[in-house]
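Chain by chain, the residues:
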Amino acid sequence: MRRPLAWITLGMAAALVAMPASAEDRYRLDSLRIDHPFARATPPGAKTGAVFFTVDNVGNTEDRLVHASTPIAVGVAIHQMALDGGVMRMRAVPSVDLMPGARVEFNPSGYHLMLLDLKQPLKVGERFPLTLTFEHGGAIQISVGVESMGAVQGAQ
Ligand SMILES: [Cu+2]
């Protein structure tokens, strides 16, 4: 009986492409504001991808990004670019502090989320779900749009 398998395959494909792009890529969780989450498209065969966004903490108490996950990758690491012997390298960090009144940019020269062992390439125009977990604010699922390989924060 082949039909159930075919339906499962179709369902998985739909999960990646069927989420419509929202005009406002903004999310609110407790006193956190998450703005314009996007990923860069990946070349065929790439096993990793990067996700960028901006977080504003508009509250009076500190919070912290502690975890992220997505169904399209085996794991998600929090990475930071840092100088290491005169060379910029990325390293894993356990969390990112979100101080009251402060904005933290996840961008190609600072923090980013690293998608590890991608299950399929990221293609321009597609969207995928990503769950962010904050120490105090809890978890929120956001929709990440895939933009061109050279996409930068704020440019659409
Ligand atoms: Cu990285």
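Use the structure listed above.
All values reported here derive from a predicted model rather than from experimental measurement.

Draft legend 1. Layout of the coordination of the copper ion. Taken together, His-79 (ND1), Met-90 (SD), His-112 (NE2) and Met-114 (SD) make up the full set of protein donors to the copper ion, lying 2.0 to 2.2 Å away. For the copper ion, the donor residues sit on a single chain with the sequence spacing H-x10-M-x21-H-x1-M. Taken together, the positions of Met-90 in strand E6 (residues 87-92) and His-112 in strand E9 (residues 111-118) put the pair 22 residues apart, joining distant regions of the chain. By relative accessible area, Met-90 is classed as partly exposed at 41%.

Draft legend 2. Layout of unusual backbone geometry. For Asp-30, which is not glycine, the phi torsion reads 55° and is therefore positive. When you line up the elements, Asp-30 lands in the loop between strand E1 (26-29) and strand E2 (32-40). Positive phi values are uncommon outside glycine, yet His-36 reaches one of about 45°.

Draft legend 3. Molecular detail of the pairing of E1. Here E1 shows a clear split, with Tyr-27 and Leu-29 buried on one side and none of Arg-26 and Arg-28 buried on the other. Two strands pair when backbone bridges link them, and E1 and E2 are joined in this way by four bridges, in the antiparallel orientation. Bridging from a neighbouring strand, Arg-28 pairs with Arg-33 of E2. If you look at the hairpin formed by E1 and E2, you'll find two residues sitting between the two strands, and Asp-30 has a positive phi there, around 55°.

What counts as what
- Residues numbered from 1 in each chain as written.
- Predicted model: local features only at pLDDT ≥ 70, side-chain atom pairs only at ≥ 80, totals over all residues.
- Heavy atoms only, no water.
- Donors = N, O, S within 2.8 Å, 3.2 Å for Na, K, Ca; no water.
- Helix = DSSP H or I, 4+ residues; strand = E, 2+ residues; numbered from the N terminus.
- Buried < 20%, exposed > 50% of the residue type's maximum accessible area, 1.4 Å probe, protein only.
- Pairing = 2+ DSSP bridges.

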